[in-house]
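Here is how the chains run, residue by residue.
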Amino acid sequence: MTDTPNGLTRRQFVASAVAAPFVSRLGALGLRQDHVVVVGAGAFGGWTALALLRAGMRVTLVDAWGAGHSRASSGGETRVIRAAYNGVPVYSEMAARAFVLWREAERKWNRQVLFRTGALWMFASDDAYVRRSIEPMKAVGLSVEQLSPDEAARRYPQMSFRDVRTVFLEPEAGFITARAACELVRETFVREGGQYRQGWARPGTAAGGRLPGVRLADGSTLDADRVVFACGPWMAQVLPDVVGRRIVPTRQEVFFFGTPEGDTRYDASTLPVWVHIGERLAYGVPDHERRGLKVADDTAGPEMNPTTVDRTPSEAGLAGARRILRQRFPALTNAPLVEARVCQYEASSDGHFLVDRHPGLDNVWLVGGGSGHGFKMGPALGEHVAGLVQGRASVNPLFAYGRLRPRS
Ligand SMILES: Cc1cc2nc3c(=O)[nH]c(=O)nc-3n(C[C@H](O)[C@H](O)[C@H](O)COP(=O)(O)OP(=O)(O)OC[C@H]3O[C@@H](n4cnc5c(N)ncnc54)[C@H](O)[C@@H]3O)c2cc1C
């Protein structure tokens with residue numbers, strides 16, 4: 001959830017979203033459609049594949065293990081959606097567009113995936129993260145309300161505000177179901193005419209500044225006019241020379257604690273999503289689908305290999321989560337741990353996304369670097385990538401390849 005303030009951007013995302021319908025009815029007319037291969041069916045790749053398909057292209061989506069699997073960054077139960085973003089306008093704009101698109105998708109799916117609980121922002125001291133977001137949020141029709149800690153304690157008596165100096169409520173915010181939504185996107189993509197293949201993809205042999213397609217581990221090849229790599233924490237494994245240490249997977253642990261029987265004070269009917277920013281950033285999501293109250297520390301953990309790492313949570317991680325639980329929910333101090341997950345951030349060198357053309361291959365696009373805050377943006381990001389691939393949008397400098405620095 002780390003961002004740096006940056007005033008670089010304006011409304012390219014929304015603009016690129018609306019120009020698609022004209023692009024291609026070639027398929028319907030029996031003419032050749034450009035074929036795009038999208039590698040990765042997580043939040044970034046799945047939505048990108050769907051947006052490209054809806055923009056009239058022939059699309060094959062490939063994933064090694066499936067949409068929102070347990071090793072993917074998009075796996076797990078829930079992800080926070082919010083538009084307060086440290087005053088970076090492009091993220092508030094994208095989040096506003098994402099709210100609309102998630103709602104549209106829910107109507108199509110006839111299924112709720114976005115739970116609007118509000119997000120409660122709590123600060124031990126410096127609250128600039130939300131204060132400087134107020135204007136960019138207002139510009140896209142979203143609001144934040146400031147509460148005194150006393151008022152917050154009256155509204156949310158199940159929480160403690162003892163070390164909290166300022167509180168803001170972002171009423172439109174909430175959480176999205178994660179793995180379930182990824183699979184819904186993949187199913188929708190297939191239903192609307194996209195091809196899905198399961199397998200590990202490697203770039204083909206480039207020639208003349210272009211990639212002819214990808215090779216799958218079973219020996220087959222997929223020829224493509226354009227290729228999008230949306231490989232999440234595997235970006236560097238798939239493209240070691242180009243991505244290398246610009247995006248590294250960091251180990252993140254998430255804990256779910258059991259709530260008292262019959263007690264609804266910790267579920268989405270009563271409790272908002274919350275974030276506390278003090279020396280560290282801690283956050284939590286209400287009990288959803290009876291998994292327990294989710295608590296996590298956003299601090300980047302050690303680097304890890306997303307394929308091979310053992311996902312047993314650490315004692316230190318659990319002790320940290322218990323500290324957070326005690327601090328925010330004193331009545332749950334002795335609550336039992338009921339579930340835990342080890343996930344990873346695909347952390348870019350500055351915490352911003354990577355959405356740009358490959359530096360050496362004209363027909364290849366790189367989409368990743370979600371850095372612990374990408375999930376919510378999936379539908380808006382997918383539209384933007386479709387715009388880039390079709391030449392209707394331009395690269396946002398905040399997401400440009402050239403600004404990333406390899407970590408030492
Ligand atoms: C603990 C945790 C909490 C988070 N909280 C939030 C939050 O509250 N809000 C929010 O918005 N975001 C949050 N995020 C971040 C968000 O989940 C990620 O940024 C986002 O899911 C990244 O999606 P992705 O598609 O880039 O990656 P992934 O979901 O990892 O998808 C990449 C896919 O590519 C496939 N793949 C990779 N290489 C290959 C290959 N060579 N061949 C075939 N397939 C391949 C993988 O199998 C995988 O399915 C959180 C992340 C974590 C880990």
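Residues numbered from 1 in each chain as written. Predicted model: local features only at pLDDT ≥ 70, side-chain atom pairs only at ≥ 80, totals over all residues. Heavy atoms only, no water.

**Here's the deal with the overall build of the chain**
Scanning the chain from N- to C-terminus turns up 10 helices and 20 strands. The C-alpha atoms of the chain give a radius of gyration of 21 Å, which matches the 22 Å a tight globule of 408 residues would have. Along the first, second and third principal axes, the C-alpha set of the chain runs to 65 × 45 × 45 Å. Counting every position in the chain, which comprises 408 residues, the buried fraction comes to 59%. (Helix = DSSP H or I, 4+ residues; strand = E, 2+ residues; numbered from the N terminus. Rg over C-alpha atoms; globule rule 2.2 N^0.38 Å. Buried < 20%, exposed > 50% of the residue type's maximum accessible area, 1.4 Å probe, protein only.)

**Things to note about the environment of Gly 372**
For Gly 372, the position within the fold is in the loop between β20 (364-368) and α10 (378-389). Distance in space between the C-alpha atoms of Gly 372 and Thr 250 is 9.6 Å, their sequence separation being 122 residues.

**Some points on unusual backbone geometry**
Phi at Asn 86 takes a positive value of approximately 55 degrees, unusual for a residue other than glycine. By the secondary structure assignment, Asn 86 is in the loop between β3 (78-81) and α3 (89-109).

**What about the pattern of salt bridges?**
A side chain of one charge can pair with a side chain of the opposite charge when the charged atoms of the two come close. Under the defined criterion, the tally for this structure stands at 21 salt bridges. In this structure, Asp 297 engages Arg 280 in a salt bridge whose closest nitrogen and oxygen atoms are separated by 2.7 Å. You can see Asp 297 sitting in strand β17 (residues 293-297) and its partner Arg 280 sitting in the loop between β15 (273-277) and β16 (281-285), a full 17 residues away along the chain. What makes Asp 297 partly exposed here is its relative accessible area of 24%. Residue class for Arg 280 comes out exposed when judged on its relative accessible area of 51%. The network of salt bridges with shared partners includes Glu 77, Arg 179, Arg 291 and Glu 339. (Salt bridge = Lys/Arg side-chain N within 4 Å of Asp/Glu carboxyl O.)

**A word on the sheet that holds strand β13 (residues 226-229)**
Paired through backbone hydrogen bonds, the strands of a sheet run either parallel or antiparallel to each other. The strand order across the open sheet formed by 6 strands is β9-β2-β1-β13-β20-β19, and the pairing between neighbours is mixed. Only two strands of the sheet have a single partner each, and these edge strands are β9 (195-198) and β19 (354-357). When strand polarity is set aside, the average angle formed by the axes of neighbouring strands in this sheet is 15 degrees. The pairing of strand β1 (residues 35-39) with β13 spans 4 bridges and is classified as parallel. Within β13, the position partnered with Val 37 by the bridge is Val 227. (Pairing = 2+ DSSP bridges. Axes fitted to C-alpha atoms, helices over the stretch in contact; angles between N-to-C directions.)

**Observations concerning the confidence of the model for the chain**
Here the chain shows a mean pLDDT of 94. Residues at 70 or above account for 92%. This stretch, residues 1-24, has a pLDDT under 50; its non-local contacts, to residues over four places away or in other chains, come to 65 contacts. (pLDDT = per-residue confidence, 0-100. Contact = heavy atoms within 4.5 Å.)

**Notes on helix α7 (residues 179-191)**
Spacing of three or four residues puts side chains on the same side of an α-helix, whose turn is 3.6 residues. The first and last C-alpha atoms of α7 sit 18 Å apart over 13 residues, in line with the 18 Å expected at 1.5 Å per residue. Considered for burial, the residues of α7 that qualify are Ala 181, Cys 182, Leu 184, Val 185, Arg 186, Thr 188 and Phe 189. Elements in contact with the buried residues of α7: α2 (43-54), β2 (58-63), α3, β8 (174-177) and β9. In the segment just after α7, Gly 193 is the residue with positive phi, at about 115 degrees. (Expected span 1.5 Å × (residues − 1).)

**What to know about the site of the ligand**
Asp 63, Ser 74, Val 80, Cys 343 and Glu 346 are the nearest of the 38 residues found near the ligand. Phe 44 is positioned with one of its backbone polar atoms (N or O) 3.0 Å from an oxygen atom of the ligand. Note that a nitrogen atom of the ligand is positioned 3.0 Å from one of the backbone N or O atoms of Ala 64. Notes on the ligand: free accessible area 1,000 Å², of which the protein chains cover 99%. At 4 residues, strand β18 (residues 337-348) tops the list of elements feeding residues into the shell around the ligand. (Near = heavy atom within 4 Å. Polar contact = N/O pair within 3.5 Å; in protein donor to acceptor, adjacent residues only side chain to side chain. Areas by Shrake-Rupley, 256 points an atom, 1.4 Å probe, with all protein chains shown as cover.)

**Thoughts on the side chain of Glu 106**
Take Glu 106: it is sitting in helix α3. With sequence-adjacent residues up to four places away left out, Glu 106 is seen in contact with Arg 111, Gln 112, Val 113 and Leu 114.

**Side note on the packing of aromatic side chains**
Enumeration over the complete set of coordinates arrives at 15 aromatic pairs. Where Trp 47 meets Trp 102, the ring centres are 5.2 Å apart and the plane angle is 80 degrees; that geometry is what we call edge-to-face. A residue pair is termed long-range when its members are at least 10 positions apart, and Trp 47 in helix α2 and Trp 102 in helix α3 qualify at 55 residues. Under the relative-accessibility criterion, Trp 102 is labelled buried at 0%. Judged by centre distance (4.7 Å) and plane angle (25 degrees), the rings of Tyr 85 and Tyr 91 are stacked. Each member of the aromatic cluster is reached from another via a ring pair, and the members are Phe 44, Tyr 85, Tyr 91, Phe 353 and Phe 399. Over the aromatic face of Tyr 85 sits the side chain of Arg 82, whose NZ or CZ is 4.0 Å from the ring centroid. When the ring centre of Tyr 196 is taken as reference, the NZ or CZ atom of Arg 186 above it lies at 4.6 Å. (Phe/Tyr/Trp six-rings, centres within 6.5 Å; stacked < 30°, edge-to-face > 60°. Lys NZ or Arg CZ within 6 Å of the ring centre and 35° of its normal.)

**A short note on the sheet that holds strand β10 (residues 201-203)**
The antiparallel open sheet is built from 3 strands, whose spatial order is β10-β11-β12. Taken across any chain shown, the strands that pair with only one partner, and hence form the sheet edges, are β10 and β12 (221-223). The mean inter-strand angle of the sheet, taken between neighbouring strand axes irrespective of direction, is 30 degrees. When β10 meets strand β11 (residues 213-216), the two strands line up antiparallel, connected through 3 bridges. Residue pairing in the sheet places Pro 203 in a bridge with Val 214 of β11.

**Quick notes on the packing of α2 against α7**
The angle between the axes and the distance between the axes are what describe a pair of packed helices. Here α2 crosses α7 at 25 degrees, and the two axes come no closer than 9 Å. In terms of their interaxial angle, α2 and α7 are classed as roughly parallel. In the crossing of α2 with α7, the sense of the turn from one axis to the other is left-handed. Contacts between α2 and α7 involve Ala 43, Gly 46, Trp 47, Ala 49, Leu 50, Leu 53 and Arg 54 from the former and Cys 182, Val 185, Thr 188 and Phe 189 from the latter. (Parallel < 35°, antiparallel > 145°, perpendicular 65-115°, else oblique. Left-handed = near helix turned anticlockwise from the far one by under 90°.)

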